[in-house]
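Given next are the chains, with one letter for each unit.
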Amino acid sequence: MQIDSKQMLNIVLFGPPGAGKGTQSEKLIKTLGLVHLSTGDILRAEKEAGTPLGLKAKSLMDQGLLVPDEVVIGMIESRIAANLGAKGFIFDGFPRTVAQALALDQMLATHQLSISCMISLEVAFDELKTRLIKRAQEQNRPDDTPEVIEKRIQVYLDNTLPVAKHYENQGKLRAVNGIGEIDEIYNRIQTALN
Ligand code: AMP
């Protein structure tokens, strides 16, 4: 695995909606002490606080559409700059387009940093839909209705899947089976990181 000159471990946790990125991020943060950067969490917080950015993002998020690249790139840029002393970052739900991946590589490079690896959680689409419908009941997320779930999966296939190719071309892609118990999946991630 590639560690940059500042010895930071920068992981992109990748996968379709419902793959378990949030759950596995929490475990990685605890064990590795990395800074968690989830664009979905940041946008939801903005939405709940009713900020201008949150209000702008709300209707796109509720429809399962992507928020414009420049908005999420700006959010990540300021947080990287504010955490340069960290052991590393976990990027969760970002980058979601190739333009975001290019911007991320570039902003890290300006700090002599780079992505160490991309962990891609692989889960079959039928399983994803079941998980997302369950999550809708548990967490009351307005973007987990059956229609919006279909849309989010389509957006993933059209816009986000090419990001895996981007990091595969850099030799950084590690595919991990995302089906099973939480700890079992976490062990697979650790093996992929080692
Ligand atoms: P998530 O919790 O990661 O599934 O994100 C929830 C929603 O926030 C997505 O469906 C998008 O509307 C928006 N969002 C989160 N991350 C991004 C991103 N990197 N680019 C564009 N939109 C995003």
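Now for a description of the structure that goes with this document.

### Observations regarding the pairing of strand 1 (residues 9-14)
So, step 1. Within strand 1, six of the six residues are buried, leaving the element largely enclosed by the surrounding structure.
So, step 2. Every second residue of strand 1 is oriented toward a common face, with Leu9, Ile11 and Leu13 on one face and Asn10, Val12 and Phe14 on the other, all of them buried.
So, step 3. In this structure, strand 1 lies alongside strand 3 (residues 88-92), joined through five bridges in parallel fashion. Note that in strand 3 the partner of Asn10 across the bridge is Phe89.
So, step 4. Bridge analysis of strand 1 against strand 4 (residues 117-122) gives four bridges, and the strand direction is parallel. Note on strand 4: the bridge partner recorded for Phe14 is Ser120.

### Overview of the pattern of salt bridges
So, step 1. This structure, assessed with the given rule, holds nine salt bridges.
So, step 2. Between Asp62 and Lys58 there is a salt bridge whose closest N-O contact spans 2.7 Å. Of this pair, Asp62 and Lys58 are both found in helix 3 (residues 52-62), four residues apart, which corresponds to roughly one turn of the helix.
So, step 3. Among the residues examined, Asp62 registers a relative accessible area of 19% and is labelled buried.
So, step 4. With a relative accessible area of 39%, Lys58 lands in the partly exposed category.

### Considering the site of the ligand
So, step 1. The environment of the ligand is made up of 16 residues, and the closest members are Thr39, Arg44, Leu65, Gln100 and Arg152.
So, step 2. Take Leu65: an N or O atom from its main chain is 2.6 Å from an oxygen atom of the ligand.
So, step 3. A distance of 3.0 Å is found between a nitrogen atom of the ligand and a backbone nitrogen or oxygen belonging to Val67.
So, step 4. Burial of the ligand by the protein chains amounts to 96% of its free accessible area of 480 Å².

### Some remarks on the side chain of Gln24
So, step 1. Of note, Gln24 is situated in helix 1 (residues 21-32).
So, step 2. For Gln24, the contacting residues outside a window of four places in its chain are Leu13, Leu121, Ile182, Ile185, Tyr186 and Ile189.

### Focus: the nonpolar core
So, step 1. Core analysis: the largest hydrophobic core is formed by 32 residues, its most contacted members being Ile76, Ile80, Phe91 and Leu104.
So, step 2. Ignoring sequence-local partners within four residues, the contact set of Leu104 consists of Val12, Ile76, Ile80, Phe91, Phe94, Pro95, Ile115 and Tyr167.
So, step 3. If you look at the next biggest cluster of nonpolar residues, it comprises 18 residues, including Leu13, Leu128, Tyr186 and Ile189.

### Some remarks on the packing of helix 4 (residues 69-82) against helix 5 (residues 98-110)
So, step 1. Taken N-terminus to C-terminus, the directions of helix 4 and helix 5 make an angle of 25°; their axes are 10 Å apart at the nearest point. One element, helix 4, and the other, helix 5, form an angle in the roughly parallel class. Handedness of the helix 4/helix 5 crossing: right-handed. Contact residues: Asp69, Val72, Ile73, Ile76, Glu77 and Ile80 in helix 4; Ala99, Gln100, Ala103, Leu104, Met107 and Leu108 in helix 5.
So, step 2. When grouped by side-chain class, the residues that make up the contact of helix 4 with helix 5 number nine nonpolar, one polar and two charged.

Calculation rules
Residues numbered from 1 in each chain as written. Predicted model: local features only at pLDDT ≥ 70, side-chain atom pairs only at ≥ 80, totals over all residues. Heavy atoms only, no water. Buried < 20%, exposed > 50% of the residue type's maximum accessible area, 1.4 Å probe, protein only. Helix = DSSP H or I, 4+ residues; strand = E, 2+ residues; numbered from the N terminus. Pairing = 2+ DSSP bridges. Salt bridge = Lys/Arg side-chain N within 4 Å of Asp/Glu carboxyl O. Near = heavy atom within 4 Å. Polar contact = N/O pair within 3.5 Å; in protein donor to acceptor, adjacent residues only side chain to side chain. Areas by Shrake-Rupley, 256 points an atom, 1.4 Å probe, with all protein chains shown as cover. Contact = heavy atoms within 4.5 Å. Core = buried A, V, L, I, M, F, W, Y, C linked by side-chain atoms within 4.5 Å. Axes fitted to C-alpha atoms, helices over the stretch in contact; angles between N-to-C directions. Parallel < 35°, antiparallel > 145°, perpendicular 65-115°, else oblique. Left-handed = near helix turned anticlockwise from the far one by under 90°. Nonpolar A, V, L, I, M, F, W, Y, C, P; charged D, E, K, R; others polar.

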